[in-house]
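# Descriptive analysis of the structure
The residues making up each chain are set out below.
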Amino acid sequence: MKKLLIYYPEDALEPKGGPAGYLYNLKKGLEECRKQENLPVDISFYSNMPSGIENNSELRKKIPKRLLEFRRALNDARFLRKKFPIDNGMFAYDIIHFHSAEKMYLCRDFLNQYHGKVILTSHCPCGIYKERIDKLNPFDYKLMRNQIDKLEELDRYAFERADYIIFPCKDAEEPYFNTWPRYTSIRKDEKYRYMPTGIIACHAKINRENYRKKYGIPNDAFVISYVGRHNEIKGYTDLRQMGEQVLKDPNTYFLIGGKEEPIKGLNNDRWIEVGWTTDPYSLIAASDVFVLPNRETYFDLVLLEVLSLGIPVVLSDTGGNKFFKKYDLKGLKYFSSVDQGVEAIKCFQLMDKQIRKKAGEKLAELCETEFSVKEFAHRYIQIISEIVETEV
């Protein structure tokens, strides 16, 4: 039996965004599949990952923010010199699946000697070098720009060295084409495989009535929700502009989850910022419609989570969001401008409550049949089986 190594520590898996959540769901799906059938490939997680301050949240809390910012920039300026020592145990695997362009780059000495098949799944909505630069203090970036701009090498190396690249769907590549000028020339079509993600169905901890009561929202009010980062790329500015128009109706409220920075919410009593929350599903389930306004979108897990909760969605016509158009469901309405977003929200607001409820139920049904963790694992096993049989 062929052996596959997922280059990610099993003890770091948890139900959240990014590779940790993606692989948490995949592992759960694989466990379900194993109960009913023998898998054609022996799949293991990597347990020998080097760690540093970035993985030590308690230590980071004790370091002044400005010092952490400067350290991050300095680390980026020096990153291309770094590498992981060769782990000879990895040569025992026929396939290695990386979930980070950075980790692939750091393993380049090993990969120079490795003759098995290498898979890359990038969980970044753009080239990782762009995301790293966006996180820097502008002063630090200006100071070390010449070195930091060379971080593009991370992505170039990973996408060129990988034998196969797995994206959730073709539309998820859109932000790479839009934000990484070299992507078109680096991309080799024969390497690409597509596999939509799956999730464990979400459930609210607090019922709709009680959650609304907690924030002083009437039961008959129309509530719009959003959970996510408060920045430009996530479309938070567009959401604010929609709010300015929609809140003219006195029976409309916004429930917003996520840290209120770098962009603040509207100064309106009916624009409610809950902040970072461990219970986003109760927030979403207490609303009538969710807005997903991303300006660039990979394949946002929060969309699947909202679908599983049966809440209609107003979503930007971009990236991985487009994948769901083929289902032609009343509970999904797309927009390409703020005005279109406002119209989509109003359309749901004017919709008969029973029709809106039915539209939400259809979304939950879709999530259960197409995007469960078991379906996710089946798709993964199928792709891996095809890769095993393919000559590189």
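In this text, all values refer to a predicted model and were calculated from it rather than measured experimentally.

Our focus in this paragraph is the side chain of Ser308. Its place among the elements puts Ser308 in helix H15 (residues 301-309). Since its relative accessible area comes to 13%, Ser308 is described here as buried. Those residues within four positions of Ser308 in sequence are excluded, and the remaining contacts are Ile199, Ala201, Cys202, Ala364 and Cys367.

Attention now goes to the side chain of Asp288. Checked against the element boundaries, Asp288 lands in the loop between helix H14 (280-285) and strand S10 (289-292). Separated by 3.4 Å, the side chains of Asp288 and Arg356 make a polar contact. Beyond its immediate stretch of four places on either side in the chain, Asp288 contacts Arg208, Arg212, Ala221, Phe222, Val223, Ile311, Pro312 and Arg356.

This paragraph deals with the pairing of strand S3 (residues 95-98). Every regular strand shows the same layout, with side chains that alternate between the two sheet faces. Judged by which residues are buried, S3 turns out to be covered on both faces: Ile95 and His97 on one side and Ile96 and Phe98 on the other are all buried. Of the pairings in the sheet, the one linking strand S1 (residues 2-7) to S3 comprises four bridges and is parallel in character. Bridge assignment links Leu5 to a residue of S3, and that residue is Ile96. Note: S3 against strand S4 (residues 117-120), four bridges, orientation parallel. The residue of S4 that forms the bridge with Ile95 is Lys117.

In this structure the tally under the stated criterion is 25 salt bridges. The shortest N-O distance in the salt bridge between Glu69 and Arg66 comes to 3.2 Å. Here Glu69 pairs with Arg66, and both are found in helix H3 (residues 65-78), just three residues apart, close to one helical turn. With relative accessibility at 24%, the residue Glu69 sits in the partly exposed group. By relative accessible area, Arg66 is classed as partly exposed at 38%. The salt bridge involving Glu173 is made with Arg187; its shortest N-O contact spans 2.6 Å. Within this pair, whereas Glu173 is found in the loop between strand S5 (164-167) and helix H10 (174-179), its partner Arg187 is found in the loop between helix H11 (183-186) and strand S6 (192-194), the two being separated by 14 residues in sequence. Here the salt bridges share partners, and the residues they tie into one network are Arg208, Arg212, Asp288 and Arg356.

The rules we used
- All residue numbers refer to positions counted from 1 along the written sequence of the respective chain.
- Side-chain atom pairs in this predicted model are given and counted only at pLDDT of 80 or more, local residue features only at pLDDT of at least 70, and totals for whole chains, interfaces and linings cover all residues.
- Side-chain measures here rest on the full set of heavy atoms in the structure, leaving out hydrogens and waters.
- In this description a helix means any DSSP run of H or I spanning at least four residues, a strand means any run of E spanning at least two, and both kinds are numbered starting from the N terminus.
- Three labels apply to residues, based on accessible area from a 1.4 Å probe with only protein chains included: buried if under 20% of the type maximum, exposed if over 50%, partly exposed otherwise in between.
- The contact rule is simple, with two residues in contact once any of their heavy atoms fall within 4.5 Å.
- For this analysis, a polar contact is any N or O atom pair within 3.5 Å, provided that within protein one partner can donate a hydrogen and the other can accept it, and provided that sequence-adjacent residues contribute only side-chain to side-chain pairs.
- Here, a strand pair is defined by DSSP locating no fewer than two bridges between the strands.
- By salt bridge we mean one thing: a side-chain nitrogen of Lys or Arg within 4 Å of a carboxyl oxygen of Asp or Glu.

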